[in-house]
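If you want the building blocks of each chain, they are given just below.
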Amino acid sequence: MTALLEIKDLHVGYGQVEAVLGVSLELEKGQIVSVIGPNGAGKTTLLSACIGLLPSRGTILFDGEPIGGLGVEARVARGLCLVPESRELFGEMSVSDNLLLGAYSKRPTRSELLARRDHVYERFPRLAERRRQRADTLSGGERQMLALGRALMSKPRVLMLDEPSLGLAPLIVEEILRIVHDLRQDGVSVLLVEQNALAALNVSDYGYVLETGEVALHGPSAELISEERIFASYLGGV
Amino acid sequence: MSWDIAMILTVDGLGAASIYLLAGLGLVLVFSVTRVIFVPFGDIAVFGALTLAYLETGRIPPTIALVATLAALTVLVEIVRLIRQGTHAAIPRTVLNWGLLPLLPCLPAMLLAGGDLPTYLTVLLALALVVPITPLMARLVFHPIADASVLVLLIAALVMHFLLSGLGLLFFGPEGFRTQPFLRGAIEVLPGITASYQILLMIGASLVLAALFFVAFERTMIGKALRATALNRVGAQLVGIRPAATATVTFCLASLLAGFVGILIAPATTMYYDSGLAIGLKAFVGAIIGGLSSYPLTALGSLAVGLLESFASFWNGAMKDVIVFSLLIPALLVRSHFSTHAEDDAEEEV
Ligand SMILES: Nc1ncnc2c1ncn2[C@@H]1O[C@H](COP(=O)(O)OP(=O)(O)OP(=O)(O)O)[C@@H](O)[C@H]1O
Ligand SMILES: [Mg+2]
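It should be emphasised that the depicted structure is a prediction, and the values quoted were computed from it without experimental measurement.

(A) The overall build of chain B, seen in detail. Looking only at helices and strands, one finds 17 helices and two strands in chain B. Expected size for 350 residues packed as a compact globule is a radius of gyration near 20 Å; at 20 Å, chain B falls within 12% of this value. Counting only C-alpha atoms, chain B reaches 70 × 55 × 35 Å along its principal axes. Here chain B, with 350 residues, has 49% of them falling under the buried criterion. A total of about 15600 Å² of accessible surface is found on chain B, and carbon and sulfur atoms cover 70% of it. Computed over 16 positive and 19 negative side-chain charges, the inter-centroid distance for chain B is 10 Å.

Take a look at the structure:
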């Protein structure tokens with residue numbers, strides 16, 4: 001079985017400085033894969049390169065086809081989707097408009113569009129209550145829900161999440177991660193970048209530990225969690 | 001100044017304001033989506049006016065040749081770019097989009113021009129002929145440097161202005177044109193004060209267009225995509241909006257607005273190939289009042305510019321333009337006082 005998303009020997013740099021040095025990674029259909037590692041390890045850089053916001057060297061295969069030469073929009077149109085660390089919402093637009101734009105790449109019919117939005121509202125009732133509110137007036141947690149909801153509007157095949165729990169209260173983190181877990185039922189594969197290593201490994205099937213731009217360790221999540229020695233040395237314990 | 005004169009000047013000022021309103025909306029639209037301060041807006045408006053004049057007098061407008069030249073040039077440049085990238089497969093689509101699509105309005109124009117056409121047809125043809133000019137020019141000039149700083153884009157826009165007025169001289173010649181008013185006669189709006197139907201048409205058309213513009217922006221998906229691009233470029237890309245495509249749509253809309261400006265102004269003022277800069281700059285004053293980002297404030301700014309211009313020409317005709325442009329100073333002062341934060345955002349993008 002070929003992986004849905006396959007990254008081989010990827011190098012990404014900012015000018016002369018390389019932040020990702022030959023990372024290889026695989027994500028299979030319906031899988032949740034987490035990428036963990038300390039600050040500055042290159043996790044955000046890796047995701048930015050996958051979606052095409054940063055140029056990279058190496059191979060990125062999506063569904064077996066190389067997508068390294070495509071622009072961001074073309075990758076999004078194929079079903080790749082990124083919720084970036086910085087969220088990148090449309091601040092002056094309403095929650096509803098933000099969601100509607102989420103489906104832009106798929107150009108669904110009007111009724112399909114509204115059905116998708118209602119589906120997101122069902123998943124995040126809090127967004128439904130605030131549908132007319134401007135995105136830049138939402139709380140941090142609501143913003144994260146909106147970013148996630150906007151991504152779901154495009155019905156992505158691979159969803160890349162960069163620190164979805166950033167700055168959120170434990171209760172909301174749990175809620176967000178539960179939703180990530182549920183996405184598998186909808187056939188969405190998830191590449192999850194998290195600071196909160198234990199929580200990430202708990203919801204994922206497979207994990208990669210990134211350190212200074214290189215994969216230091218990878219394996220099934222359960223094994224990574226149980227290997228306490230490695231866990232402690234790479235992640236500073238929990 | 002007597003009450004009558006003030007009223008007459010006000011009516012005149014509103015007529016001018018309606019022109020600056022449309023031009024100001026165009027400038028704000030282009031700037032917010034592409035970060036280009038679109039100096040050549042007025043030049044495109046002049047092309048609209050001159051095209052209308054040619055059609056009205058039963059001559060073939062040189063705009064056809066202009067559009068064809070630009071389309072040929074754009075296709076050439078695009079093909080060279082595609083070949084260098086090694087993406088030959090995209091060539092047929094490029095030829096279709098940049099070569100044939102812009103020529104579409106030329107065909108009916110060629111068939112119909114030269115005859116005695118009803119007014120609505122000349123207006124439609126003039127608009128249709130002007131629409132491809134801006135997107136083609138922008139593809140040539142701005143697309144290769146889309147990520148450059150605002151300053152570089154502004155310099156490119158200035159170059160484009162000189163290029164366009166040069167092309168204007170080449171294609172339309174140095175003589176001035178003034179078209180027939182669409183409506184004749186006048187109506188007494190207040191006791192003793194008359195306004196010509198033509199000026200009321202200008203004001204009405206401008207208001208209707210501005211309203212349509214707002215509705216399109218708020219309600220349609222494309223309008224939302226344009227706004228989204230203006231608000232957050234990265235966010236827009238992440239939902240699959242192609243910046244190059246929104247830029248092209250934006251320049252088409254700007255072209256259309258410029259066409260309307262030209263057609264509305266053509267019966268009121270004699271237009272020369274180089275009359276565009278003054279229109280563009282005065283609209284720019286209005287747009288600056290709106291901080292190049294707010295449509296409602298731009299509308300107010302355009303109103304101020306139009307009225308000030310009208311009254312200034314009564315007080316001191318020679319100093320008219322000086323007075324209008326000095327409106328920039330209080331406008332900028334007030335803006336820098338109230339919206340340091342918006343300016344910071346703009347800086348960051350640079
Ligand atoms: N725009 C940039 N220019 C230069 N260097 C950068 C830039 N962005 C990131 N870097 C550097 O690249 C390295 C990797 O950064 P990255 O943001 O990918 O880390 P991260 O793993 O996402 O960290 P965190 O967990 O803090 O989000 C860091 O050393 C960072 O300083
Ligand atoms: Mg990061």
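Read on, since the account is not over.
(B) Seen up close, helix H9 (residues 197-219) of chain B. Helix length check: H9 of chain B, at 23 residues, gives a terminal C-alpha distance of 32 Å against a target of 33 Å (1.5 Å per residue), a fit within 8%. Every buried residue of H9 of chain B is accounted for by Gln198, Ile199, Met202, Ile203, Ser206, Leu209, Ala210, Phe213 and Phe217 of chain B.

(C) Molecular detail of the interface of chain B and chain A. At the interface, 17 residues of chain B touch 19 residues of chain A. Interface area, chain B with chain A, both sides summed: about 1800 Å², of which 70% is carbon and sulfur. If you sort the residues of chain B by the area they bury against chain A, Met221, Leu238 and Val239 of chain B come out on top, with a joint share of 36%. Across the chain B-chain A interface, the total number found is one salt bridge. Where Lys224 of chain B meets Asp97 of chain A, a salt bridge forms, and the shortest distance between an N and an O atom there is 2.6 Å. One can count four residue pairs in polar contact (both at pLDDT 80 or more) joining chain B with chain A. Counting residues per element, the ones that place at least two in the side of chain B that touches chain A are helix H10 (221-231) and helix H11 (233-238) of chain B. Among the elements that make up the side of chain B that touches chain A, the one with the highest residue count is H10 of chain B (six residues). Residues belonging to the side of chain B that touches chain A are distributed by class as follows: ten nonpolar, four polar and three charged.

(D) Expanded view of the domain arrangement of chain A. All names here are of chain A. For chain A, the assigned domains are domain 1 (1-79 + 156-237) and domain 2 (89-155). One C-alpha centre belongs to domain 1, the other to domain 2, and the line joining them spans 24 Å. On the domain 2 side, the residues contacting the 16 residues of domain 1 number 15 residues. Carbon and sulfur atoms make up 71% of the area that domain 1 and domain 2 hide from each other, which totals about 1200 Å².

Reading the values: the criteria
Residue indices begin from 1 for each chain and proceed along its sequence in written order. All chains are assigned letters beginning at A, and all ligands numbers beginning at 1, according to the order in which they are written. Predicted model: local features are reported for residues with pLDDT of at least 70 only, side-chain atom pairs are reported and counted for 80 or more only, and whole-chain, interface and lining totals are derived from all residues. The side-chain numbers reported here are obtained from all heavy atoms of the structure, hydrogens and water having been left aside. Secondary structure elements are taken from DSSP: a helix is a run of H or I of four residues or more, a strand is a run of E of two residues or more, and numbering for both begins at the N terminus. In this setup the radius of gyration rests on C-alpha atoms only. A globule is expected at 2.2 Å times the number of residues raised to 0.38. Each residue's exposure class comes from its accessible area (1.4 Å probe, protein chains only) as a fraction of the maximum for that residue type: buried when under 20%, exposed when over 50%, partly exposed otherwise. Under the convention used here, a 1.4 Å probe and the Shrake-Rupley method define accessible areas, while residue burial counts only the protein chains that appear. Counting rule applied: Lys, Arg positive; Asp, Glu negative; His and chain ends not counted. Taken as the charge centre is NZ of Lys, CZ of Arg, CG of Asp or CD of Glu, depending on the residue. Expected helix span is taken as 1.5 Å per residue step, with the number of steps being one fewer than the number of residues. We call two residues contacting when some pair of their heavy atoms lies within 4.5 Å. Buried area: the accessible surface (1.4 Å probe) lost by two parts on joining, summed over both. Salt bridges are counted wherever a side-chain nitrogen of Lys or Arg sits within 4 Å of a carboxyl oxygen of Asp or Glu. Here a polar contact means two N or O atoms within 3.5 Å. Within protein one must be a hydrogen donor candidate and the other an acceptor candidate, and residues neighboring in sequence count only if both atoms are side-chain atoms. The classification used treats Ala, Val, Leu, Ile, Met, Phe, Trp, Tyr, Cys and Pro as nonpolar, Asp, Glu, Lys and Arg as charged, and all other residues, Gly among them, as polar. What fixes the domain bounds is an automatic or database domain assignment.

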